[in-house]
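# Residue-level structure breakdown
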Amino acid sequence: MTVSAARRLAAGHDDEQKGHVLRALERKVLWLSAWTIHHANHLRANSSGLKVGGHQASCASVVTLMTALYFDVLRPFDRVAVKPHASPVFHAIQYLLGNQSLENLQAFRAMGGAQSYPSRTKDADDVDFSTGSVGLGVAMTSFASLVQDYLYSKRFVSSEERGRMIALVGDAELDEGNIYEALLEGWKHRVRKLWWVLDYNRQSLDAVVADRLFGRFTDLFANMGWRVETIKYGKKLLQAFDKPGGGALKRWIDDCPNSLYSALVYKGGAAWREHLLEGIGDAQGVRSLLDDYDNDGLAALMTNLGGHDLESVLEAFHAVDSEQPTCFVAYTIKGFGLPFAGHKDNHAGLMSPEQMETLRIRHGVPEGQEWSRDAGLDIPPHLFSEFLDRVPFNSARHRRFSAPVIPLPSPLTSPIPAGSLASTQECFGRLLTSLSREKHELTDRIVTTSPDVTISTNLGGWVNRRGIYDRQVQEDVFKEEHVASFQTWAASPSGQHIELGIAENNLFLLLGALGLSSQLFGQRLLPIGTVYDPFIQRGLDALNYACYQDARFILVATPSGISLAPEGGAHQSISTPLIGMGQPGLAAFEPAFGDELAVLLSWSLDYLQRDGSTPLPDDWLGDGDGGSVYLRLSTRPIHQPARNLGADQRRDIVYGAYWLKKPAPNAPLSIVYAGAVAPEAMEAHDLLSEDFPGAGLLAVTSADRLYAGWQRASAARRRGRPRARAHVEQLLFALAPGTSLVTVTDGHPASLAWLGSVAGQRVRALGVDRFGQSGDIESLYRHYGIDAGTILDACAQACLDP
Ligand SMILES: Cc1ncc(C[n+]2csc(CCOP(=O)(O)OP(=O)(O)O)c2C)c(N)n1
Ligand SMILES: [Mg+2]
């Protein structure tokens, strides 16, 4: 480069020179991502000798697209979900931008190093959305765009602070059904500033993608109100199409099946020539057109697809001048620029040391300078670094925000009078209704959502006061027409409930996006989502995905268990308490009474907002770090106790259990219950006390937190803190070893059966482990063995056979 050209570049006025640097960066990104993977597999000490993998081919496919985005198109408020297998490309780009360390890159896929799949919580280089389970990151961008609009409607963010929500999508990701659920929901909410950039390499993991499929996508996106921009041909191909014979060449390319195209990419120039001559050699001008290229030149021409042509890609991105959702279909070649380009088996392919050496020489990287940011570039290093310093995406100091904690004005109390009959679901509805009446910042930041079960999960009162969210005002037609209804169903930008269609997966994706609002948009939201408990399983991967990203929300799942008696087995959840225990990042509770729920909801609204900045003493549960909450509620009305909970009881409810009846020192057994079966446990305990006056009755509000505390306290003791004691240990150490526990819950019995291991009691675990069925509560409880009679039988058995 000449000095004057370098000056022009430094002045930043010259598109041609900018293109020059971007092309150099494109090569650098390809090299660094391939090298990072090579280093992890061939050079880093690896005692097991196992290859750690890394997807060189998937990376090569998106190098141009990501170079264009990160080094030119993106602005700091934009947010990107990068397809899982492009993780090394993302890390290489962040390394060039100074946001990723060399150590982390060198430790790619090793403990503590750059992650195999981009991770918000584990990677150091500011991942916007974690990806890994294909399809979820893509859909997440649509919900993030909805959240951004929600915040904008409330004037929590300004127009200038609104970014584009962008997904870089692998073409096989479009097989995931969750994408279509998200597309429909996005259409309903008129999402905008949303880009999906499709890496159309026509290859998935196993094979080449069927041709017929892709004809459908343009229509599909257009039907959903999207603009579709196809980036099919690079500039070289476009120029060739203008020459004599070019029309025939274009038709041949358009008609060529995916698998043949891929195979020819792999085989190279001679094979292209043979096939082209055989197919269109007789067409006017074709022979002389092909004669203009030697074999290497012909291979370069035929692989000059739009997604590998920086100019075409930049043109397409920069041409967008509306907020309409846009899908870019960028034609690419999996493994482009690498020796296994196009081969159908290239997904897990790794370049050999010899192939890597050839690539190094081709990229002009001197030996020993493989990690250098600027080696091998045909640009003066200081200009290169000046260019990097001016990259718009990198201009903000922080892209990860945090919002101040919003305190609860006063603790919530049970909305149900003592002695009256009420279910936990009803209590939840009433608590939310009373919150809806309060004028306080906290209540203004609560946002509720539900997949078409708003009314049936008792959110109706809240919605009546706070309204449904929509960017556009929509009147309640029934009200306008004077049709009497308890429920107001009007929508407006000020509404605080986001109504979703039935697809539960979308609920969890939206909770994920709402629950990251503080970090993504710098604005605190307190999301509460309701769902029928059994249908958590429908959206389980998305729930896990939300937790994996450390999104913060409250999930209220109701009805649950066979207590939903007449509705039958299809709606009765069984294993969800185990999901609550097994899911990291989610504290699961199953309260029995309204006053317990009030304590838990108050605590949850604070717990959501914690971030580890205020350490707690003896924090076995990691409570200082905060997390999300799952409240498993029931529709079964039960008598509310007459009591005023003291501070100790409130604390114990949050820790997961308290003695409703303290055991006598030598009590031979205790009954332990969780949730809606409280009346049966109490009845059995009353009857039992005639023969065993000292028997204990333990109310479990969270098997999950008892278990987690026990595990963490045990680990602390192993690490040299002998006095560490979990809450469940303090409770059960009150009992003599060898005594018995009879546990009962309307859910899988394994959720409480482990309690015997804590202090050496024998457990008889009652619960539900077969599909439910219709009936009344009494007959179902008897049938499944969670009634007072069966509890007593189990107690008798425990005493006869201790
Ligand atoms: C839900 C889920 N199922 C399966 C996988 C395993 N898997 C990873 S990538 C992939 C296909 C990738 O194809 P594509 O999206 O076209 O990306 P490319 O490799 O072409 O870049 C599969 C099946 C996964 N990561 N997530
Ligand atoms: Mg693909």
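Here we summarise the structure given alongside this text.

With that settled, the discussion passes to the overall build of the chain. A tally of regular secondary structure across the chain gives 34 helices and 20 strands. At 31 Å, the chain has a C-alpha radius of gyration in line with the 28 Å of a compact globule built from 802 residues. The C-alpha extent of the chain, read off along each of the three principal axes, is 105 × 70 × 50 Å. Within the chain, the fraction of its 802 residues that count as buried is 58%. Counting contacts in the chain only where the partners sit at least 6 residues apart, residues at least 24 apart contribute 76% of the total. Of note, the chain has its 75 positive side-chain charges centred 4 Å away from the centre of its 90 negative side-chain charges.

Our focus in this paragraph is the sheet that holds strand S1 (residues 79-82). The strand order across the open sheet built from 5 strands is S1-S2-S3-S5-S4, with neighbouring strands paired in parallel fashion. Taken across any chain shown, the strands that pair with only one partner, and hence form the sheet edges, are S1 and strand S4 (227-231). Averaged over neighbouring strand pairs, the angle between their axes works out to 15° when direction is ignored. Two strands pair when backbone bridges link them, and strand S2 (residues 165-170) and strand S3 (residues 194-200) are joined in this way by 6 bridges, in the parallel orientation. Residue pairing for S3: Ala 167 is matched across the bridge by Trp 196. Each of S3, S4 and strand S5 (326-331) is contacted by helix H15 (residues 310-318), which is oriented at about 165° to S4, the strand it contacts most.

Looking at ligand 1, there are 18 residues lining it, with Ser 58, Lys 83, His 85, Asp 171 and Lys 334 nearest. Val 134 is positioned with one of its backbone polar atoms (N or O) 3.1 Å from a nitrogen atom of ligand 1. For the shell around ligand 1, a count of residues per class yields 3 nonpolar, 9 polar and 6 charged.

What follows is about the nonpolar core. Ranked by internal contacts, the top residues of the largest apolar core, which has 87 residues, are Trp 196, Leu 249, Trp 252, Trp 272 and Leu 555. What Leu 555 contacts, discounting residues up to four positions off in sequence, is Leu 507, Phe 508, Leu 511, Gly 529, Val 531, Ile 536, Leu 543, Val 629, Tyr 630 and Leu 631. Of all hydrophobic cores here, the second largest spans 69 residues; its members include Phe 428, Ile 528, Leu 766 and Ala 798.

For the rest of this paragraph, the subject is the packing of helix H26 (residues 594-607) against helix H27 (residues 647-655). Running from N to C, H26 and H27 cross one another at 70°; their axes reach a closest spacing of 10 Å. Relative to H27, H26 is oriented roughly perpendicular. Here Glu 596, Val 599, Leu 600 and Trp 603 of H26 come into contact with H27, specifically with Arg 650, Ile 653 and Val 654. Taken together, the residues of the contact of H26 with H27 sort by class into 5 nonpolar, no polar and 2 charged.

Let us look at the pairing of strand S12 (residues 554-557). Side chains Ile 554 and Val 556 of S12 all project onto a buried face; the interleaved residues Leu 555 and Ala 557 project onto the opposite face, where all are buried too. Traced from strand S11 (residues 526-531) through helix H24 (residues 540-548) to S12, the parallel crossover comes out right-handed. Here S12 runs beside strand S14 (residues 628-632); their pairing, made up of 4 bridges, is parallel. Counted as the bridge partner of Val 556 is Leu 631 from S14.

Summed over the entire model, instances satisfying the criterion amount to 21 aromatic pairs. Aromatic pair Tyr 70 and Phe 393: ring centres 5.1 Å apart, planes at 90°, arrangement edge-to-face. Placement of the pair is Tyr 70 in helix H3 (residues 56-73) and Phe 393 in the loop between helix H17 (381-389) and strand S6 (421-422), with a sequence separation of 323 residues. For Phe 393, a relative accessible area of 4% gives the class buried. Ring geometry for Trp 195 and Phe 328: centres 5.0 Å apart, planes at 65°, overall edge-to-face. Separated by 133 residues along the polypeptide, Trp 195 in strand S3 and Phe 328 in strand S5 bring together distant segments of the chain. Across the pair, exposure class does not vary: Trp 195 and Phe 328 are buried alike. In textbook terms, an aromatic cluster arises when at least three aromatic residues are bridged by ring pairs, as seen for Trp 31, Trp 35 and Trp 371.

In this section: the sheet that holds strand S17 (residues 669-674). The mixed open sheet is built from 5 strands, whose spatial order is S16-S18-S17-S19-S20. The sheet is open, and its two borders are formed by strand S16 (657-661) and strand S20 (762-766), each paired with just one other strand. Strand-to-strand twist of the sheet, defined as the mean angle between neighbouring strand axes without regard to direction, takes the value 25°.

Moving on, we come to the side chain of Thr 530. Residue placement: Thr 530 occurs in strand S11. A polar contact of 2.9 Å, which involves the side chain of Thr 530, links it to the side chain of Ser 450. Other than its neighbours up to four places away in sequence, Thr 530 contacts Phe 428, Thr 449, Ser 450, Pro 451, Val 453, Thr 457, Leu 459, Leu 507 and Val 556.

Turning our eyes to something else, we now look at helix H4 (residues 87-96). Counting buried positions along H4 yields 10 of 10 residues, so the element is predominantly enclosed. For H4, every residue scored as buried is listed here: Ser 87, Pro 88, Val 89, Phe 90, His 91, Ala 92, Ile 93, Gln 94, Tyr 95 and Leu 96. Gly 98 sits one or two positions beyond H4 and adopts a positive phi of about 85°.

This part covers the pattern of salt bridges. A full pass over the atoms with the stated rule returns 36 salt bridges. Between Asp 72 and Lys 18 there is a salt bridge, and its shortest N-O distance comes to 2.9 Å. On the criterion of sequence distance, the pair formed by Asp 72 in helix H3 and Lys 18 in helix H2 (residues 15-43) is long-range, its members being 54 residues apart. By relative accessible area, which is 26% here, Lys 18 ends up partly exposed. Of the charged contacts, one joins Asp 533 and Arg 632 as a salt bridge, the two residues approaching to 3.0 Å between their closest N and O atoms. Here the residue Asp 533 occupies a position in the loop between S11 and H24, and Arg 632 occupies one in strand S14, the gap between them amounting to 99 residues. Taking relative accessible area as the criterion, Asp 533 reaches 0% and is therefore assigned buried. A single network of salt bridges, built from pairs that share partners, joins Asp 149, Arg 162, Arg 192, Lys 193, Glu 323 and Arg 471.

Rules behind the numbers
Residues numbered from 1 in each chain as written. Chains lettered and ligands numbered in written order. Predicted model: local features only at pLDDT ≥ 70, side-chain atom pairs only at ≥ 80, totals over all residues. Heavy atoms only, no water. Helix = DSSP H or I, 4+ residues; strand = E, 2+ residues; numbered from the N terminus. Rg over C-alpha atoms; globule rule 2.2 N^0.38 Å. Buried < 20%, exposed > 50% of the residue type's maximum accessible area, 1.4 Å probe, protein only. Contact = heavy atoms within 4.5 Å. Lys, Arg positive; Asp, Glu negative; His and termini not counted. Charge placed at Lys NZ, Arg CZ, Asp CG, Glu CD. Pairing = 2+ DSSP bridges. Axes fitted to C-alpha atoms, helices over the stretch in contact; angles between N-to-C directions. Near = heavy atom within 4 Å. Polar contact = N/O pair within 3.5 Å; in protein donor to acceptor, adjacent residues only side chain to side chain. Nonpolar A, V, L, I, M, F, W, Y, C, P; charged D, E, K, R; others polar. Core = buried A, V, L, I, M, F, W, Y, C linked by side-chain atoms within 4.5 Å. Parallel < 35°, antiparallel > 145°, perpendicular 65-115°, else oblique. Right-handed = clockwise from strand over helix to strand, strands pointing away. Phe/Tyr/Trp six-rings, centres within 6.5 Å; stacked < 30°, edge-to-face > 60°. Salt bridge = Lys/Arg side-chain N within 4 Å of Asp/Glu carboxyl O.

Scope: geometric values only; no functional claims are made or implied.
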